[in-house]
Amino acid sequence: MASAFPDGCIVYESDGVVLAGDLSTEQIAACVAAGARSWLYLNDDANPNCPRASVEDAKVPYACVPLLDPLNDLTPNVIEAFTSHMASAARPAIVQCSTATRAGIPYLLHLARVNKLPAASAISHAHRASPPFKFTERPPLVRAVATALSHPMRSLVFRQLFDTAGSSTYTYLLADRPGGDAVLVDPVVEQVDRDLKLVEDLGLKLKYVVNTHCHADHVTGSGLIKRKLPGVRSVIAKDSGAKADVHVAHGDRVEFGDAFLEVRATPGHTEGCLSYVCDNMVFTGDALLVRGCGRTDFQGGSAETLYDSVHAQIFTPPDDTVVYPAHDYKGHRSSTVGEEKRLNPRLSKSKAEFVEIMGNLGLPYPKKIDEALPLNLVCGIQEE
């Protein structure tokens, strides 16, 4: 299909979508001859390069939804018009603007809706596409699209909880909506009653207790929660070596109601570390901390692997994606991808510098590892 469309057209053959800039009458005819079966135009019909007459003469269905200023024009009605068109448009589908830059926006909005992609994951897809969507070269457009993609999940319930028993662990409660289905990320056994009281107070239905990795500094609350709330399922990485009801790997989803956590493998602190992306948030476990990262000298850790994981999986979402770590020891609650890329004193360095830093930390043996690790390998289940 790609070779049949004129030069300058960007063809995504697997989806039957063709992005185009301004086209001459001859190039429009070439698109029609190549089999174009629908046409979406993002300038207004008064534009001197408007293809409407040529397209309609060729009996190809034509629609015009102006997107002249994505920073202001991506209203809910426009987003709905784009996603509805892309869902029903016959393929091959042409999406045209002036330079094929804005043309990728309706296409990505459609992909995000069909695949239930949160903003960070959708933007990452746009960057990784072959070729990358042209709007990714313009940060203001990326921000506008990320904002548009965030609209559907504004009803998401979110709470950040802190372990005051000594581990400085953050536990995260998320639900798809008030009174909806919920997940707990990295629960701590000493705080289970607090967490379940909050779930009850908010009228939520807890579906999963999720761990970012097999922790060495505290005992997970997963087993105790399962005992108190039969039906709740535990989740951990397949590569962690730990028991759980559900083992997940890179690319999987943990779905709760209309929302989900996208699983990203981020080994390096341990072999089985995961990060979870939800909307414009990424829960990084110990792989990335605020201005730091987890140690790499035990549980199969590797500084080289951790550096690669963070740069490939955590530093690729939009810069304004909020980073929520599993721990903090200096009073920070969160950061952003952009901040950590610029300011993290370890991971903003070259890979060689990072490996040297991690090799010279000289950290003591974790205080609770001998107690916590065996229990966490069996979902934190303790004998009465």
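Residues numbered from 1 in each chain as written. Predicted model: local features only at pLDDT ≥ 70, side-chain atom pairs only at ≥ 80, totals over all residues. Heavy atoms only, no water.

Enquirer: Explain the overall build of the protein to me, and be specific about the residues and the numbers.
Expert: From N to C terminus, the protein includes 13 helices and 17 strands. For the protein, the spread of C-alpha atoms along the three principal axes comes to 80 × 50 × 35 Å. The contacts in the protein between residues at least 6 apart in sequence include a share of 63% that link residues at least 24 apart. Here the protein has roughly 16500 Å² of accessible surface; of this, 50% comes from carbon and sulfur atoms. Of the side-chain charges in the protein, 37 are positive and 46 negative, and the distance between the mean point of each set is 2 Å. (Helix = DSSP H or I, 4+ residues; strand = E, 2+ residues; numbered from the N terminus. Contact = heavy atoms within 4.5 Å. Areas by Shrake-Rupley, 256 points an atom, 1.4 Å probe, with all protein chains shown as cover. Lys, Arg positive; Asp, Glu negative; His and termini not counted. Charge placed at Lys NZ, Arg CZ, Asp CG, Glu CD.)

Enquirer: Got a sec to walk through the pairing of strand S15 (residues 281–285)? Specific residues and values, please.
Expert: Of all five residues that make up S15, five are buried, and the element is covered over most of its length. Residues Met281, Phe283 and Gly285 of S15 are buried on one face, and the alternating residues Val282 and Thr284, pointing to the opposite face, are buried as well. In the sheet, strand S14 (residues 274–278) pairs with S15 via three bridges, with the strands oriented antiparallel. The residue bridging Cys278 from the neighbouring strand is Met281, located in S15. Between S14 and S15, which pair antiparallel and follow one another directly, the connecting turn spans two residues, one of which, Asp279, has a positive phi of 55°. Once the chain exits S15 it traverses helix H10 (residues 303–314) before rejoining the sheet at strand S16 (residues 322–325), and the crossover so formed is right-handed. (Buried < 20%, exposed > 50% of the residue type's maximum accessible area, 1.4 Å probe, protein only. Pairing = 2+ DSSP bridges. Right-handed = clockwise from strand over helix to strand, strands pointing away.)

Enquirer: Can you tell me about the packing of helix H5 (residues 104–115) against helix H7 (residues 139–150), naming the residues and giving the values?
Expert: At a minimum axis distance of 11 Å, the contact between H5 and H7 shows a crossing angle of 30°. The pairing of H5 with H7 is recorded here as roughly parallel in orientation. Both H5 and H7 take part in a crossing whose hand is right-handed. When H5 is examined against H7, the residues Ile105, Leu108, Leu109 and Ala112 are found in contact with a partner set consisting of Val145, Ala148 and Leu149. Of the residues contributing to the contact of H5 with H7, the split by class is seven nonpolar, no polar and no charged. (Axes fitted to C-alpha atoms, helices over the stretch in contact; angles between N-to-C directions. Parallel < 35°, antiparallel > 145°, perpendicular 65-115°, else oblique. Left-handed = near helix turned anticlockwise from the far one by under 90°. Nonpolar A, V, L, I, M, F, W, Y, C, P; charged D, E, K, R; others polar.)

Enquirer: Give a detailed account of the packing of aromatic side chains, specifying residues and quantitative values.
Expert: Inspection of every chain in the model, using the stated rule, returns 13 aromatic pairs. Each ring, one from Phe158 and one from Tyr324, has its centre 4.9 Å from the other, and the planes form 45°; the classification is tilted. Of this pair, Phe158 sits in strand S6 (residues 157–162) while Tyr324 sits in strand S16, and the two are 166 residues apart along the sequence. We classify Phe158 as partly exposed; its relative accessible area is 22%. (Phe/Tyr/Trp six-rings, centres within 6.5 Å; stacked < 30°, edge-to-face > 60°.)

Enquirer: Give a detailed account of the nonpolar core, specifying residues and quantitative values.
Expert: Judged by nonpolar contacts, the single largest core of 37 residues is most densely connected at Leu74, Phe82, Leu108, Phe133, Phe135 and Leu149. Elements that contribute at least two residues to this core include exactly strand S1 (10–12), strand S2 (17–20), helix H4 (76–88), H5, helix H6 (119–128) and H7. Ranked by residue count, the leading element in this core is H7, at seven residues. Look past the residues within four positions of Leu149 in its chain and what remains in contact with it is Leu108, Leu109, Ala112, Ala119, Ala122, Ile123 and Asp279. Residues Val185, Ala259, Cys278 and Met281 belong to the second largest nonpolar core, which totals 23 residues. (Core = buried A, V, L, I, M, F, W, Y, C linked by side-chain atoms within 4.5 Å.)

Enquirer: So what's going on with the packing of H10 against helix H12 (residues 351–359)? Which residues, and what values?
Expert: Following both chains from N to C, one finds H10 and H12 inclined at 130°, their axes separated by 9 Å at the closest point. In terms of their interaxial angle, H10 and H12 are classed as oblique. The crossing of H10 and H12 is right-handed. Across the interface between the two elements, Ala303, Glu304, Leu306, Tyr307 and Asp308 of H10 pack against Lys351, Phe354, Val355 and Met358 of H12.

Enquirer: Describe the sheet that holds strand S3 (residues 38–41), listing the residues and the values that go with them.
Expert: One open sheet accounts for five strands, arranged S1-S2-S5-S3-S4; its pairing is mixed. Two strands bound the open sheet, and with one partner strand each, they are S1 and strand S4 (62–64). Here the average twist between neighbouring strands, direction ignored, is 15°. Sheet topology places S2 next to strand S5 (residues 93–96); four bridges connect them, and they run parallel. The residue bridging Leu19 from the neighbouring strand is Val95, located in S5. This element, H4, spans S2, S3, S4 and S5 of the sheet and lies at about 165° to S3.

Enquirer: Can you break down the pattern of salt bridges residue by residue, with the values?
Expert: This structure, assessed with the given rule, holds 15 salt bridges. Note that Arg194 and Asp195 form a salt bridge whose closest N and O atoms lie 2.8 Å from each other. Arg194 gets classed as partly exposed once you look at its relative accessible area, which sits at 28%. Note that Arg295 is salt-bridged to Asp297, the shortest N-O span being 2.7 Å. Here Arg295 falls in the buried class, since its relative accessible area comes to 15%. Linked through salt bridges whose partners overlap, the residues forming this network are Asp45, Arg52 and Glu56. (Salt bridge = Lys/Arg side-chain N within 4 Å of Asp/Glu carboxyl O.)

Enquirer: Hey, could you go over the side chain of Ser168 for me, with residue numbers and the actual values?
Expert: By secondary structure assignment, the location of Ser168 is in the loop between S6 and strand S7 (170–175). By relative accessible area, Ser168 is classed as buried at 16%. Once residues within four sequence positions are removed from consideration, Ser168 is found in contact with Phe162, Asp163, Ala326, His327, Asp328 and Tyr329.

Enquirer: Please give an account of unusual backbone geometry that cites residues and values.
Expert: Note the cis peptide between Arg91 and Pro92, where omega equals -5°. Position of Pro92 among the secondary structure elements: in the loop between H4 and S5. Each neighbour pair has its own omega, and for Ser130 with Pro131 the value is -5°, a cis peptide bond. One can find Pro131 in the loop between H6 and H7. Residue Ala100 is not a glycine yet carries a positive backbone phi of 70°. Residue position: Ala100 is located in the loop between S5 and H5. We note that Lys116 has phi near 55°; this positive angle belongs to a residue other than glycine.

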